Amino acid sequence: MQDSDLIAVSAAAPAEVSEIDLYQKREKIYTRRMEGFFQHIRLFTGWPLLLGYFLLPWFNWGERQAVLFDLPQRQFNILGLTFWPQDLSLLAWILIISAFLLFAVTNLAGRVWCGYSCPQTVWTSIFMWVEQFVEGTRNQRIKLDAAPWSKEKVIKKLLKHGMWLGFAFLTGFTFVAYFTPARELAASFLHFSVNPMALFWIAFFTLATYGNAGWLREQVCLYMCPYARFQSVMFDSNTLIISYDKKRGEPRGSRKRNQPASEHKLGDCIDCQLCVQVCPTGIDIRDGLQYECIGCALCVDACDSIMEKMQYPKGLISYTTENALAGKPVKLLRPRLLGYILAIAIMTLAMIVNIANREAIELSVLRDRQALFYKNEAGQIENLYTVKLANKTQQAQSYKLSIESELPVVLGGNPTVQLASGEVVSFPVKVYLPSASAASRGAALTFFATNKSNEAEVSSVESRFLMPANAH
Ligand code: SF4
Ligand code: SF4
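Quick notes on the rules
Residues numbered from 1 in each chain as written. Chains lettered and ligands numbered in written order. Predicted model: local features only at pLDDT ≥ 70, side-chain atom pairs only at ≥ 80, totals over all residues. Heavy atoms only, no water. Domains from an automatic or database assignment. Contact = heavy atoms within 4.5 Å. Buried area = accessible area lost by both parts, 1.4 Å probe. Salt bridge = Lys/Arg side-chain N within 4 Å of Asp/Glu carboxyl O. Polar contact = N/O pair within 3.5 Å; in protein donor to acceptor, adjacent residues only side chain to side chain. Nonpolar A, V, L, I, M, F, W, Y, C, P; charged D, E, K, R; others polar. Near = heavy atom within 4 Å. Pairing = 2+ DSSP bridges. Helix = DSSP H or I, 4+ residues; strand = E, 2+ residues; numbered from the N terminus. Axes fitted to C-alpha atoms, helices over the stretch in contact; angles between N-to-C directions. Buried < 20%, exposed > 50% of the residue type's maximum accessible area, 1.4 Å probe, protein only. Phe/Tyr/Trp six-rings, centres within 6.5 Å; stacked < 30°, edge-to-face > 60°. Patch = residues over 30% accessible without salt bridge, like charges linked within 9 Å, V, L, I, M, F, W, Y side chains within 5 Å. Areas by Shrake-Rupley, 256 points an atom, 1.4 Å probe, with all protein chains shown as cover. Parallel < 35°, antiparallel > 145°, perpendicular 65-115°, else oblique. Left-handed = near helix turned anticlockwise from the far one by under 90°.

Description of the domain arrangement of the protein chain
Then step 1. We note that the domain assignment places domain 1 (25-358) and domain 2 (361-466) within the protein chain.
Then step 2. Using C-alpha coordinates to define each centre, domain 1 is positioned 54 Å away from domain 2.
Then step 3. Listed per partner, the contact involves nine residues of domain 1 and seven residues of domain 2.
Then step 4. Counting each side, the surface lost to burial between domain 1 and domain 2 is near 670 Å², with a carbon and sulfur contribution of 42%.
Then step 5. If you look at where domain 1 meets domain 2, you find zero salt bridges.
Then step 6. Across the contact surface, domain 1 and domain 2 share zero residue pairs in polar contact (both at pLDDT 80 or more).
Then step 7. Of the residues that constitute the side of domain 1 that touches domain 2, the class distribution is two nonpolar, four polar and three charged.

Pasting the structure below:
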């Protein structure tokens, strides 16, 4: 290419260059309130979640908070069961089982978790309800936002954000009450003596809730939630989806009520846009299945209400499957779903056996790191150990420590330990050989901790008793 060509190209270029913004500007979504069959079901799924979340920290189980993740004590109390950091494998089981449960439900019923039970959806619904309560219907809110600032607008906005912050604070407080005893936390607020760390986390979760449910809303589902991105992998042609029946609805268009189809020659969609106006993610389901759809069924209820008014059959937008839409038979039980169910059943059984066989005593023994053995004042070979004992039951217990070995070794002292529920202690113990032995270097040694009030409750740990080769 010659220089003159380059000049010609660059001279022509400015006219064709246009600036492309790589970041899409968010358009505020003004949703219309909608009642209907599926919205009533959502009430039954959302309210128990909310009530459970807010009330659980206030219930006791025995003398303890029913659910308390006590980080300073490093123990998790859940309905009378105490879990320790050593039980983290159980947490891993619970998370894996929950993930498989979500896979199975998604494979069967699509995004029902997102639409009916996800905290982001439930909290956003509460915030939207507050918005509608303070600022009015969809049209009133659009008008209010477009209007210049006035006394009325300022009061409404202050009231809305105040209520949002109040609810967000309750959410943040409750979250921290799962980690700090709820009653103590409430009392510390009343006495203005809140622990600064607790205060920080309450402030953090208050702002996170206010931001997520008040401002970000559908943006969390669209851009932040990983599940939204990979849930389509679990879909198959028998998965329930919310879909618009194109064959029945098209060509869309407005018409007079009761006008015979032979006159307007249109499909059943009257193009009223109600399904778009109620959608919390602002999509048009008539464009086909989209990853933005959280499966809230608002568009189903909206369209059914229109169909009712038009005296057309309901279900122009409905829960259906790809197979049903294509006129093929729908299979409820299919290999992938059965695989998920089998995996969940096996893992749940394994976890129950694991919990049932959990030892009520936690015993660990560490050999002294300074020396392999000592000679005491009586000239006997002596080994030192650090014993750690934890009472994992809900009551105070008394434990007796004992040993067993092929050597005639003796446990120094008479170690009996009293432990409160959940208490952990570490203490040194001596084991010595009273007389010379034929053993060369040492022998295996087993430590036992036995519950004195229930001798069947025993925990044991293997260790070694060491001595010089010429001890005999
Ligand atoms: S609500 Fe129903 S009738 Fe109205 S535009 Fe949506 S699909 Fe068409
Ligand atoms: S398309 Fe329908 S089901 Fe999907 S998010 Fe919008 S209103 Fe909810």
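Continuing now.
Re the site of ligand 1
Then step 1. Taken together, Y244, C269, I270, D271, C272, Q273, C275, R286, C303, M307 and I317 form the complete shell of residues around ligand 1.
Then step 2. When its residues are assigned to classes, the shell around ligand 1 shows eight nonpolar, one polar and two charged.

Points about the sheet that holds strand β3 (residues 67-70)
By definition, the strands of a sheet pair up through backbone hydrogen bonds, in either a parallel or an antiparallel sense.
Then step 1. Strand order in the open sheet formed by three strands is β3-β4-β5, with antiparallel pairing between adjacent strands. Whereas interior strands pair on both sides, the edge strands pair on one side only; in this sheet they are β3 and β5 (81-83). The mean inter-strand angle of the sheet, taken between neighbouring strand axes irrespective of direction, is 15 degrees.
Then step 2. As judged from the four bridges shared by β3 and strand β4 (residues 75-78), these two strands associate in the antiparallel manner. Its bridge partner being in β4, F69 is matched across the sheet by F76.

A few points about the sheet that holds strand β13 (residues 416-419)
Then step 1. Strand order across the open sheet formed by four strands is β13-β11-β15-β16, with antiparallel pairing between neighbours. Both edges of this open sheet fall to β13 and β16 (454-466), since each of them pairs with a single strand only. This sheet shows a mean twist of 25 degrees between the axes of neighbouring strands, independent of strand direction.
Then step 2. Pairing between strand β11 (residues 397-405) and β13: four bridges, direction antiparallel. Residue Y399 lies in a different strand from β13, and its bridge partner there is V417.

Examining the pattern of salt bridges
Then step 1. Under the definition given, this model contains 15 salt bridges.
Then step 2. Salt-bridge contacts for D145 lead to K28; the nearest nitrogen and oxygen are separated by 2.8 Å. Here D145 is found in helix α6 (residues 138-146), whereas its partner K28 is found in the loop between α1 (3-16) and α2 (37-55), with 117 residues between them in sequence.
Then step 3. Given the relative accessible area of 23%, D145 is considered partly exposed.
Then step 4. Put simply, E362 and K392 hold a salt bridge, and the shortest N to O gap is 2.9 Å. Separated by 30 residues along the polypeptide, E362 in strand β8 (residues 361-367) and K392 in the loop between β10 (381-391) and β11 bring together distant segments of the chain.
Then step 5. Ionic contacts of the salt-bridge type, sharing partners, join the residues K28, E131, E135, R141, D145, K157, K160 and R217 into one network.

What to know about the packing of aromatic side chains
Then step 1. Scanning the entire structure with this criterion turns up 30 aromatic pairs.
Then step 2. Seen in terms of ring centroids, F175 and F179 are 5.5 Å apart; in terms of plane orientation they differ by 40 degrees. Their pairing is tilted.
Then step 3. Here F175 falls in the partly exposed class, since its relative accessible area comes to 31%.
Then step 4. Overall, the relative accessible area of 29% leaves F179 in the partly exposed class.
Then step 5. Within the aromatic cluster, the residues linked to one another by ring pairs are Y53, F54, W123, F127, W164, F167, Y178 and Y210.

So, a nonpolar patch on the surface
Then step 1. On the surface, a nonpolar cluster with roughly 680 Å² of combined accessible area is contributed by L43, W47, L51, L55, L56, W58 and F59.
Then step 2. When you line up the elements, L56 lands in the loop between α2 and β1 (60-61).
Then step 3. Judged by its relative accessible area of 33%, L56 is partly exposed.

Thoughts on the packing of helix α3 (residues 88-109) against helix α17 (residues 335-356)
Then step 1. Running from N to C, α3 and α17 point in directions that differ by 160 degrees, and their axes come no closer than 9 Å. When the axis of α3 is compared with that of α17, the two are roughly antiparallel. In this structure, the crossing between α3 and α17 has a hand that is left-handed. Every residue of α17 that contacts α3 at L90, W93, I94, I96, I97, F100, L101, F103, A104, N107 and L108 is listed here: R336, L337, Y340, A343, I344, M347, T348, A350, M351, N354 and I355.
Then step 2. Considering only residue class, the contact of α3 with α17 consists of 18 nonpolar, three polar and one charged.

Let's talk about the side chain of N391
Then step 1. Considering the arrangement of structural elements, one finds N391 in strand β10.
Then step 2. Engagement of the side chain of N391 in a polar contact is seen with the backbone oxygen of Q395, the distance being 2.8 Å.
Then step 3. At 3.3 Å, the side chain of N391 and the backbone oxygen of L419 are in polar contact.
Then step 4. Leaving out residues up to four positions away in the same chain, N391 has contacts with W84, A360, A396, Q397, Y399, L419, A420, S421, G422 and E423.

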